[in-house]
Amino acid sequence: MIDDDYRDYDRADAHVRRFYRLNHERQTLDFARERRRHYAALNTARMGIWEACETLDTLVDDSDPDTGLSQIEHCLQTAEGIRRDGHPDWFVLTGLVHDLGKILCAFGEPQWAVTGDTFVLGCAFPDAIVYPEYFAANPDAADARYNTPVGIYEPGCGLDNVTLSWGHDEYMYLVARDYLPEPALAMIRYHSFYPGHSTDAYRELLGPGDEERLQWVRRFNRYDLYTKHDSPPDIDALRPFYQDLIGSYFPAEIAW
Ligand SMILES: [Fe+2]
Ligand SMILES: [Fe+2]
């Protein structure tokens, strides 16, 4: 597979289209605010990072046209790609944990509220989002308050002050924010925000520091995408290294 063959949504399976139809119809500003409020309390579970990796092991992401690997394999492949290139240990750890928010599926959330590309709610849906035609069925698309490029926001308000569609990025940011450095948190929080980090959409909402944050996200993103067809990682052989690395940033058990 060459790089241009990744994220090919025109040739994606029917299940990817079905996923985005549900996601675009149902992710409203009210929904995202309510889910964020609910999960920000971090009173759903207590477990360690490695335990979360193992819990994810049976989940396959319906929104991803590129991989049928399990999530723990994807997490380890991403981390190993970063490690191979000699990046700092917190960057490697970010590769390991970036998708652990998908544990929301194990908490009973449907895939359309967990995975897939994210986008801003409370303003117009730009065509840069995959399958923009599915937003016609989203109630927010018919609400005049949300129909301009900045919608309910002030121009230049900054990414940290907008509400993105709810899913594993924002959730893992909430879980990890006391433990990892700022660039790691940007990578986790915005890695699925393709219209923001890979197109010119939402320029008018960016604020101080956002361009630098998005640079970190882009640096991370190539490992998230282009390690998917490396050979499957040897989980048992890698476990001791990653358990040590986890232990230098996270306590044995954290709140989810
Ligand atoms: Fe992800
Ligand atoms: Fe990922």
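Here is a short report on the structure shown in this document. Note that the coordinates shown come from a computational prediction; the quantities given were computed from them, not determined experimentally. (Residues numbered from 1 in each chain as written. Chains lettered and ligands numbered in written order. Predicted model: local features only at pLDDT ≥ 70, side-chain atom pairs only at ≥ 80, totals over all residues.)

So, about the overall build of the protein. Within the protein one finds 10 helices and 4 strands. In the protein, the succession of helices and strands from N to C terminus is α-α-β-α-α-α-β-β-α-α-α-α-α-β. For the protein, the spread of C-alpha atoms along the principal axes amounts to about 55 × 40 × 35 Å. Here the protein holds 256 residues, and 42% of them are scored as buried. Long-range pairs, those at least 24 residues apart, make up 78% of the contacts in the protein between residues at least 6 apart in sequence. (Helix = DSSP H or I, 4+ residues; strand = E, 2+ residues; numbered from the N terminus. Buried ≥ 20, exposed ≤ 12 C-beta atoms within 10 Å, placed from the backbone. Contact = placed C-beta atoms within 7 Å.)

So, on to the packing of helix α7 (residues 182–190) against helix α9 (residues 210–226). The contact between α7 and α9 brings their axes to 8 Å, and the two run at 70°. When the axes of α7 and α9 are compared, the pair comes out roughly perpendicular. Of the residues in α9, those touching α7 at Pro183, Ala186, Met187 and Tyr190 are Arg213, Leu214, Trp216, Val217 and Phe220. The residue inventory of the contact of α7 with α9, partitioned by class, reads 8 nonpolar, no polar and 1 charged. (Axes fitted to C-alpha atoms, helices over the stretch in contact; angles between N-to-C directions. Parallel < 35°, antiparallel > 145°, perpendicular 65-115°, else oblique. Nonpolar A, V, L, I, M, F, W, Y, C, P; charged D, E, K, R; others polar.)

Membership of the largest hydrophobic core comes to 64 residues, with the highest contact counts inside it found for Leu96, Leu100, Val120, Met172 and Ala176. By residue number, the principal contributor to this core is α7, which donates 6 residues. Here Val120 is in contact with Val162, Leu164, Tyr202 and Leu205, once residues within four sequence places are set aside. (Core = buried A, V, L, I, M, F, W, Y, C linked by C-beta atoms within 7 Å.)

Another point: the environment of Val130. Inspection of the secondary structure puts Val130 in the loop between β2 (120–121) and β3 (163–164). Each C-alpha atom, one on Val130 and one on Tyr194, is 9.1 Å from the other, the two residues being 64 residues apart in sequence.

This part is about helix α2 (residues 29–40). Its 12 residues place the ends of α2 16 Å apart at the C-alpha level, agreeing with the 16 Å of an ideal helix rising 1.5 Å per residue. Within α2, burial applies to Leu29, Ala32, Arg35 and Tyr39. Each buried residue of α2 sits inside an arc of 140° when the element is viewed along its axis, so together they form one side. Facing away from the buried side of α2, by more than 90 degrees, are the exposed residues Asp30, Glu34, Arg37 and His38. (Expected span 1.5 Å × (residues − 1). Arc of directions from axis to C-beta.)

The next point concerns the environment of Ala137. Positionally, Ala137 belongs in the loop between β2 and β3. Taking the C-alpha atoms as reference points, Ala137 and Leu22, separated by 115 residues in sequence, lie 9.4 Å from one another.

To continue, consider unusual backbone geometry. Excluding glycine, a negative phi dihedral is what most residues carry, and trans is how most peptide bonds are arranged. Phi is positive for Tyr131, which is not a glycine, with a value near 50°. Tracing the chain through its elements places Tyr131 in the loop between β2 and β3.

Here the focus is the packing of helix α5 (residues 89–97) against helix α10 (residues 235–247). Viewed as axis vectors pointing N to C, α5 and α10 meet at an angle of 110°, and their least axial separation amounts to 10 Å. Considering their axes alone, α5 and α10 lie roughly perpendicular with respect to each other. Like other packed secondary-structure pairs, α5 and α10 cross with a definite hand, here left-handed. Residues Asp89, Val92, Leu93 and Leu96 of α5 form the contact with α10, whose participating residues are Tyr242, Leu245 and Ile246. Of the residues that constitute the contact of α5 with α10, the class distribution is 6 nonpolar, no polar and 1 charged. (Left-handed = near helix turned anticlockwise from the far one by under 90°.)

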